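Chain by chain, the residues run as shown.
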Amino acid sequence: MQKNNKHLGTICVQEGWKPKKGESRVLPIFQSTTFKYDNTQQMADLFDLKASGYFYTRLQNPTNDAVAAKITALEGGAAGMLTSSGQAANFYAVFNICEAGDHFISASTIYGGTFNLFGVSMKKLGIDVTFVDPDAPEEEIEKAFKPNTKCVFGETIANPVLSVLDIEKFARLAHRHGVPLIVDNTFPTPINCRPFEWGCDIVTHSTTKYMDGHATQVGGAIVDSGNFDWDAHADKFPGLTEPDPSYHGLAYSKAFGKGAYITKATAQLMRDFGSIPSPHNAFLLNLGLETLHVRMPRHCSNALAVAQYLSENPEVAWVNFPGLKSDKYYELAQKQFDGGQSCGVVTFGIKGGRERSIKFMDSLKLTAIVTHVADARTCVLHPASHTHRQLSDEELIAAGVRPDLIRYSVGIEDVEDVIEDLETGFKSL
Ligand SMILES: *Cc1c(COP(=O)(O)O)cnc(C)c1O
């Protein structure tokens, strides 16, 4: 699948920055807003998108581009870009093809921030979303499509409910209606799953999570497979197939082929909205990516041990982890994920509900209570008390987040110590 035929671990370590003779071995931080040219024509060609090159970091920066190239190679895509956050990545990914009056479909089990972005903020821009139960039969989801539907969205593994998206099913539905499938692949990372291999068209990431892995930067990425044929559905995607008046009538699909979608997102959305990462953050992200293939298997095996321990504990009411044989998504995870490996996050509930969950969490020592997830250090969150605090118990259940749900993000420590910490928590009850 990889365009350079290298294995994933080699891409993690080597792809992106390719130094020439005498250049820095390590990816340099191009901490510069601007880039110098010899004459006015050279820069004019850049502004006309006639030549490629750097002129202003809001549009492109060499450090950021090297890291985007690495993530693009990991996903097996044609083109990619970094954004300042995962939120910006998901917003741009949809807004690049939807405008006021358009509609799109999203799985209902998605990250809370994305749920608000789609259901509240994008609605204010005149873009309408229909949330569907991703586990519903195809005929049921089919009913959500409208003539103005422009894309379908889902998360490979949903944060925090840990449902697994049947990417082939969603790709089939999207393509039957002539629209692309966008998948947020944050939790499995390309080490465990490459959604393009299952028919997805565009992938997004919150690089804040495993890709960085050390909780040092907030960032996002968008990767395009280059497989969706915009011109075959030109009536739906005039923004990609018809002349752009802000670039002297250039049409992206004709001028850039497989790079059309990412070029448009850079040339229009970055130009106008400007959610770029700082080159320094891209540098930190790159350090994380260099060990992603080493860290992910450890996160996954530690999480499986924790999930097994929890499922045998009499104080535990329920456990969700796609790697557990008893899990609703076990078969799908075996099929879609390399070696059935999913992620390092486990969710569970403690018998007796909310109050006992809080008591349990407050007595943990090694495990830190933080908003973050997917970090090298084990951490925990109680969504009902934190990220979803405003919701009543009824609303929580409607959002798929049970009031007793504990999101436990297993790090890369020695798992014996993590389990000992959990034991301390249970003893306190
Ligand atoms: C955290 C997260 C986001 C949002 O990313 P930020 O980097 O926090 O803006 C989007 N999708 C998923 C699945 C996430 O876990």
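Reading guide: rules and limits
- Residues numbered from 1 in each chain as written.
- Predicted model: local features only at pLDDT ≥ 70, side-chain atom pairs only at ≥ 80, totals over all residues.
- Heavy atoms only, no water.
- Helix = DSSP H or I, 4+ residues; strand = E, 2+ residues; numbered from the N terminus.
- Buried < 20%, exposed > 50% of the residue type's maximum accessible area, 1.4 Å probe, protein only.
- Contact = heavy atoms within 4.5 Å.
- Areas by Shrake-Rupley, 256 points an atom, 1.4 Å probe, with all protein chains shown as cover.
- Lys, Arg positive; Asp, Glu negative; His and termini not counted.
- Charge placed at Lys NZ, Arg CZ, Asp CG, Glu CD.
- Pairing = 2+ DSSP bridges.
- Axes fitted to C-alpha atoms, helices over the stretch in contact; angles between N-to-C directions.
- Expected span 1.5 Å × (residues − 1).
- Bend = angle between axes of the 7 residues up to and from the residue.
- Near = heavy atom within 4 Å.
- Polar contact = N/O pair within 3.5 Å; in protein donor to acceptor, adjacent residues only side chain to side chain.
- Nonpolar A, V, L, I, M, F, W, Y, C, P; charged D, E, K, R; others polar.
- 1 Å grid on protein atoms, 1.4 Å probe; cavity = no way out; pocket = protein on both sides within 12 Å on 5 of 7 lines; lining within 4 Å.
- Points joined across faces, edges and corners; volume = space filled by probe spheres on them.
- Salt bridge = Lys/Arg side-chain N within 4 Å of Asp/Glu carboxyl O.

Brief notes about the overall build of the protein
Then, number 1: The helix and strand tally for the protein stands at 17 helices and 12 strands.
Then, number 2: Along the first, second and third principal axes, the C-alpha atoms of the protein reach 70 × 55 × 40 Å.
Then, number 3: By the burial criterion, 56% of the 429 residues in the protein qualify as buried.
Then, number 4: Sequence-distant contacts, at least 24 apart, represent 72% of the contacts inside the protein between residues at least 6 apart.
Then, number 5: With an accessible surface of roughly 17800 Å², the protein has 54% of that area assigned to carbon and sulfur atoms.
Then, number 6: Positive and negative side-chain charges in the protein, numbering 40 and 50 respectively, have mean positions lying 3 Å apart.

Section: the sheet that holds strand β1 (residues 79-83)
Then, number 1: The strand order across the open sheet formed by seven strands is β1-β7-β6-β5-β4-β2-β3, and the pairing between neighbours is mixed. Among the strands making up the open sheet, the edge pair consists of β1 and β3 (128-132). Neighbour-to-neighbour, the strand axes of the sheet open up by a mean angle of 20°, direction not taken into account.
Then, number 2: Here strand β6 (residues 202-206) runs beside strand β7 (residues 220-224); their pairing, made up of five bridges, is antiparallel. Across the sheet, Thr 204 pairs through a bridge with Ile 222, a residue of β7.
Then, number 3: In this fold helix α3 (residues 62-75) packs onto β1, β6 and β7, with an angle of close to 125° to the strand it touches most, β1.
Then, number 4: This element, helix α5 (residues 112-124), spans β2 (103-107), β3 and β4 (149-155) of the sheet and lies at about 150° to β3.

Some remarks on the sheet that holds strand β8 (residues 316-320)
Then, number 1: Read from one edge of the open sheet, five strands run β8-β9-β12-β11-β10, paired in mixed fashion. What marks the edges here is a single partner per strand, and that holds for β8 and β10 (368-369).

Details of α5
Then, number 1: For α5, spanning 13 residues, the distance from its first C-alpha to its last is 18 Å, which sits close to the expected 18 Å at 1.5 Å a residue.
Then, number 2: The largest bend in α5 comes to about 30°, at Phe 118.
Then, number 3: Those residues of α5 that fall on the buried side of the exposure criterion are Thr 114, Leu 117, Phe 118 and Met 122.
Then, number 4: Tucked inside the fold, the buried residues of α5 contact α4 (86-95), β2, β3 and β4.
Then, number 5: At the exit of α5 stands Gly 126, carrying a positive phi of roughly 90°.

Details of the site of the ligand
Then, number 1: In the region of the ligand, 16 residues are neighbours, and Asn 159, Asp 184, Ser 206, Thr 208 and Lys 209 sit closest.
Then, number 2: Between Asp 184 and the ligand, the recorded distance is 2.7 Å, taken from a side-chain N or O atom to a nitrogen atom.
Then, number 3: Taking Lys 209, its side chain carries an N or O atom lying 2.7 Å from an oxygen atom of the ligand.
Then, number 4: When isolated, the ligand has an accessible area of 370 Å², and the protein chains bury 93% of it.
Then, number 5: The dominant element in the shell around the ligand, judged by the number of residues it contributes, is α4, at three residues.
Then, number 6: For the shell around the ligand, the class distribution of residues is three nonpolar, 10 polar and three charged.

Observations concerning the layout of surface pockets
Then, number 1: As a volume, the second largest pocket reaches approximately 660 Å³.
Then, number 2: Considering the residues around the second largest pocket, the lining is formed by 30 residues, among which Ser 52, Gln 60, Asp 65, Thr 263 and Thr 266 are closest to the centre.
Then, number 3: Only α3, β1 and α11 (260-273) provide two or more residues apiece to the lining of the second largest pocket.
Then, number 4: Top element by residues in the lining of the second largest pocket is α11. It accounts for five residues.
Then, number 5: For the lining of the second largest pocket, the per-class residue count stands at 18 nonpolar, 10 polar and two charged.

With respect to helix α13 (residues 292-311)
Since the α-helix turns once every 3.6 residues, residues separated by three or four places project in the same direction.
Then, number 1: Counted at 1.5 Å a residue, the expected span for α13 with its 20 residues is 28 Å, and the 28 Å between its end C-alpha atoms agrees.
Then, number 2: Every buried residue of α13 is listed here: Leu 292, Arg 295, Met 296, His 299, Cys 300, Asn 302, Ala 303, Val 306, Ala 307, Tyr 309 and Leu 310.

Section: the pattern of salt bridges
Then, number 1: This structure, assessed with the given rule, holds 21 salt bridges.
Then, number 2: Asp 48 is the partner of Lys 50 in a salt bridge, and the nearest nitrogen-oxygen pair spans 3.6 Å.
Then, number 3: As a salt-bridge pair, Arg 377 and Asp 375 come within 3.2 Å of each other at their nearest N and O atoms.

Concerning unusual backbone geometry
Then, number 1: In this chain, Asn 159 is followed by Pro 160 through a cis amide linkage whose omega measures 5°.
Then, number 2: Mapped onto the fold, Pro 160 is located in the loop between β4 and α7 (167-176).
Then, number 3: In this structure, Thr 189 is a non-glycine residue whose phi angle is positive, near 60°.
Then, number 4: In this structure, Thr 189 sits in helix α8 (residues 189-192).
Then, number 5: Non-glycine residue His 248 carries a positive phi angle of around 50°.
Then, number 6: Note on placement: His 248 falls in the loop between α9 (238-241) and α10 (252-256).

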